Amino acid sequence: MDTPELPANLAFLRRLVTALTIIMIGGVVTVVALLVIRLNSDPAPLPLPDRVTLPDGTTATAFTVGSDWYAVVTADDQILIFDQVTGTIRQTIVLD
């Protein structure tokens with residue numbers, strides 16, 4: 001039994017749908033690959049304002065600003081609270 005040929009418009013539509021399906025699959029694979037690469041990379045170092053000077057050997061992991069103070073959480077689980085005007089350390093809190 002012979003199958004009849006598809007009309008030209010329908011054959012074009014069939015090829016177009018096939019091409020779009022391949023492009024969509026490629027796009028999804030690309031997005032997933034980029035997400036995996038981005039989420040597995042090391043986080044960028046925390047950009048601190050220029051006026052913040054940390055003690056030697058400390059690395060900042062978080063930073064917040066209050067009304068007259070700012071605090072820096074360090075990689076060795078300490079919170080350093082600085083005076084905003086003078087830049088001196090007001091308080092050091094060691095986390096357990």
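In what follows, the structure referred to is the one given above.
This part takes up the pattern of salt bridges. A side chain of one charge can pair with a side chain of the opposite charge if their charged atoms are brought near each other. Enumeration according to the criterion identifies 2 salt bridges in this entry. Within this structure, Asp68, Asp83 and Arg90 form a network of salt bridges that share partners.

Across all of its chains, the model carries 2 aromatic pairs by this definition. On the numbers, 5.9 Å between centres and 45° between planes, the contact of Phe63 with Tyr70 is tilted. Classification of Phe63 by relative accessible area gives partly exposed; the value is 27%. Judged by relative accessible area, which is 1%, Tyr70 ranks as buried. For the pair Tyr70 and Phe82, a centre-to-centre distance of 5.1 Å together with 15° between the ring planes defines the contact as stacked. Here the residue Tyr70 occupies a position in strand β2 (residues 69-74), and Phe82 occupies one in strand β3 (residues 78-83), the gap between them amounting to 12 residues.

This part takes up unusual backbone geometry. Positive phi values are uncommon outside glycine, yet Asp77 reaches one of about 60°. By the secondary structure assignment, Asp77 is in the loop between β2 and β3.

Note that Thr61 resides in strand β1 (residues 60-65). Sequence separation between Thr61 and Thr74 is 13 residues; the distance between their C-alpha atoms is 5.4 Å.

Turning next to the nonpolar core. With 6 residues, the main nonpolar core is built from Val52, Ala60, Tyr70, Val72, Leu80 and Phe82. Mapped by element, the contributors of at least two residues to this core are β2 and β3. Contact partners of Val52, with chain neighbours within four places excluded, come to Phe63, Tyr70 and Val72.

The rules behind these values
- Residues numbered from 1 in each chain as written.
- Predicted model: local features only at pLDDT ≥ 70, side-chain atom pairs only at ≥ 80, totals over all residues.
- Heavy atoms only, no water.
- Salt bridge = Lys/Arg side-chain N within 4 Å of Asp/Glu carboxyl O.
- Phe/Tyr/Trp six-rings, centres within 6.5 Å; stacked < 30°, edge-to-face > 60°.
- Buried < 20%, exposed > 50% of the residue type's maximum accessible area, 1.4 Å probe, protein only.
- Helix = DSSP H or I, 4+ residues; strand = E, 2+ residues; numbered from the N terminus.
- Core = buried A, V, L, I, M, F, W, Y, C linked by side-chain atoms within 4.5 Å.
- Contact = heavy atoms within 4.5 Å.

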